[in-house]
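Coordinate analysis (summary)
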Amino acid sequence: AQTVTQSQPEMSVQEAETVTLSCTYDTSENNYYLFWYKQPPSRQMILVIRQEAYKQQNATENRFSVNFQKAAKSFSLKISDSQLGDTAMYFCAFSFLVDMRFGAGTRLTVKP
Amino acid sequence: EAGVAQSPRYKIIEKRQSVAFWCNPISGHATLYWYQQILGQGPKLLIQFQNNGVVDDSQLPKDRFSAERLKGVDSTLKIQPAKLEDSAVYLCASEFGGGTVTEAFFGQGTRLTVV
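Residues numbered from 1 in each chain as written. Chains lettered and ligands numbered in written order. Predicted model: local features only at pLDDT ≥ 70, side-chain atom pairs only at ≥ 80, totals over all residues. Heavy atoms only, no water.

Digging into the overall build of chain A
- Of regular secondary structure, chain A possesses zero helices and twelve strands.
- Shown N-terminal to C-terminal, the secondary structure of chain A runs as helices and strands in the order β-β-β-β-β-β-β-β-β-β-β-β.
- Scaling as 2.2 N^0.38, a compact globule of 112 residues should have a C-alpha radius of gyration of about 13 Å, and chain A matches this with 13 Å.
- Principal-axis analysis of the C-alpha atoms gives chain A an extent of 40 × 30 × 20 Å.
- Here chain A, with 112 residues, has 49% of them falling under the buried criterion.
- Expressed as a percentage of contacts within chain A between residues at least 6 apart in sequence, the contacts between residues at least 24 apart total 54%. (Helix = DSSP H or I, 4+ residues; strand = E, 2+ residues; numbered from the N terminus. Rg over C-alpha atoms; globule rule 2.2 N^0.38 Å. Buried < 20%, exposed > 50% of the residue type's maximum accessible area, 1.4 Å probe, protein only. Contact = heavy atoms within 4.5 Å.)

Description of the layout of surface pockets
- Volume-wise, the largest pocket comes out at about 530 Å³.
- Forming the walls of the largest pocket are 31 residues, and the residues nearest its centre are A:Q39, A:S42, B:L39, B:V89 and B:R111.
- Among the secondary structure elements, those contributing two or more residues to the lining of the largest pocket are strand 10 (88-96) and strand 12 (106-111) of chain A together with strand 9 (88-95) and strand 11 (110-114) of chain B.
- Per-element accounting of the lining of the largest pocket gives the leading share, four residues, to strand 11 of chain B.
- The class makeup of the residues in the lining of the largest pocket is 13 nonpolar, 14 polar and four charged.
- One number sums up the size of the second largest pocket: a volume of about 180 Å³. (1 Å grid on protein atoms, 1.4 Å probe; cavity = no way out; pocket = protein on both sides within 12 Å on 5 of 7 lines; lining within 4 Å. Points joined across faces, edges and corners; volume = space filled by probe spheres on them. Nonpolar A, V, L, I, M, F, W, Y, C, P; charged D, E, K, R; others polar.)

Comments concerning the pairing of strand 8 (residues 75-79) of chain B
Residues and elements named next belong to chain B.
- Judged by which residues are buried, strand 8 turns out to be one-sided: S75, L77 and I79 face inward and are buried, whereas T76 and K78, on the alternate face, are not.
- As paired strands, strand 3 (residues 19-24) and strand 8 are joined by five bridges and run antiparallel to one another. Looking across to strand 8, one finds that W22 is bridged to T76.
- In the sheet, strand 7 (residues 65-68) pairs with strand 8 via four bridges, with the strands oriented antiparallel. Its bridge partner being in strand 8, F65 is matched across the sheet by I79.
- Where strand 7 folds back onto strand 8 in an antiparallel hairpin, the turn is made up of six residues, including K71, whose phi is positive at roughly 65°. (Pairing = 2+ DSSP bridges.)

Points about the confidence of the model for chain B
- Confidence along chain B averages 93 in pLDDT terms, with 99% of residues attaining 70 or more.
- The secondary structure element of chain B with the lowest average pLDDT is strand 6 (residues 53-56) of chain B, at 91, and the one with the highest is strand 8 of chain B, at 98. (pLDDT = per-residue confidence, 0-100.)

Some points on the packing of aromatic side chains
- Within the structure shown, the criterion is met by 15 aromatic pairs over all chains.
- Residues A:F102 and B:F106 carry aromatic rings whose centres are separated by 5.8 Å and whose planes lie at 75° to one another, so their mutual orientation is edge-to-face. With one member in each of two chains, A:F102 in strand 11 (residues 99-102) and B:F106 in strand 10 (residues 105-106) form a pair that bridges those chains. Each member of the pair, A:F102 as well as B:F106, is classed as buried.
- Ring centres of B:F65 and B:Y90 lie 6.4 Å apart, and the angle between their planes is 40°; this geometry places the pair in the tilted category. With B:F65 in strand 7 and B:Y90 in strand 9, this pair connects stretches of sequence that are 25 residues apart.
- Take B:F65: its relative accessible area is 3%, and that puts it in the buried class.
- Judged by its relative accessible area of 0%, B:Y90 is buried.
- Grouping aromatic residues by their ring pairs yields a cluster made of A:Y33, A:F35, A:Y37, A:F102, B:Y33, B:Y35 and B:F106. (Phe/Tyr/Trp six-rings, centres within 6.5 Å; stacked < 30°, edge-to-face > 60°.)

This is the structure:
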């Protein structure tokens, strides 16, 4: 079974600075997807960024980018120029076919 | 495009009572998930449907939880009888269902408190 591990329960960053959230996963599959989802306080979960395992190039979405290390089974999220609105729980997720699993989450606080 | 709709948003019940949650996925989405999110934890998959068939219910406590997705559209999740440890947010998500999850869309969840 696939597992997803987020080893940082909480993190904080000053506004405008850069922060990196870590995620590792375990799978025997070769073609899969990895995701970072954001869950703001009392609001619904939304997709931040997605990486296809067969692509070597790291995904980028505006201020959000990932460092995907397939051999190491590592998938970190970098948030540049952090904004107050980035304060949320961030979940790393793995999917293979239609199976989708989540990590325990990292609570990120952006400080003014 | 309408999102995933869930109701109710909040529910408080006493232990041993029963409760039901409803989910309406995005139109055309074949895959539907129910997740349980206990405070401070990540979502845990309870059950997954592909159209009206169950793909995975290995983590569903079947002695008290049940779910159905009649006609492959709306879904209901029921707990009977509820226990204190069932207090959590129940998230419904849907996905197009092309054979690989490329993006799951989530509802706002139902926060259940069992007292």
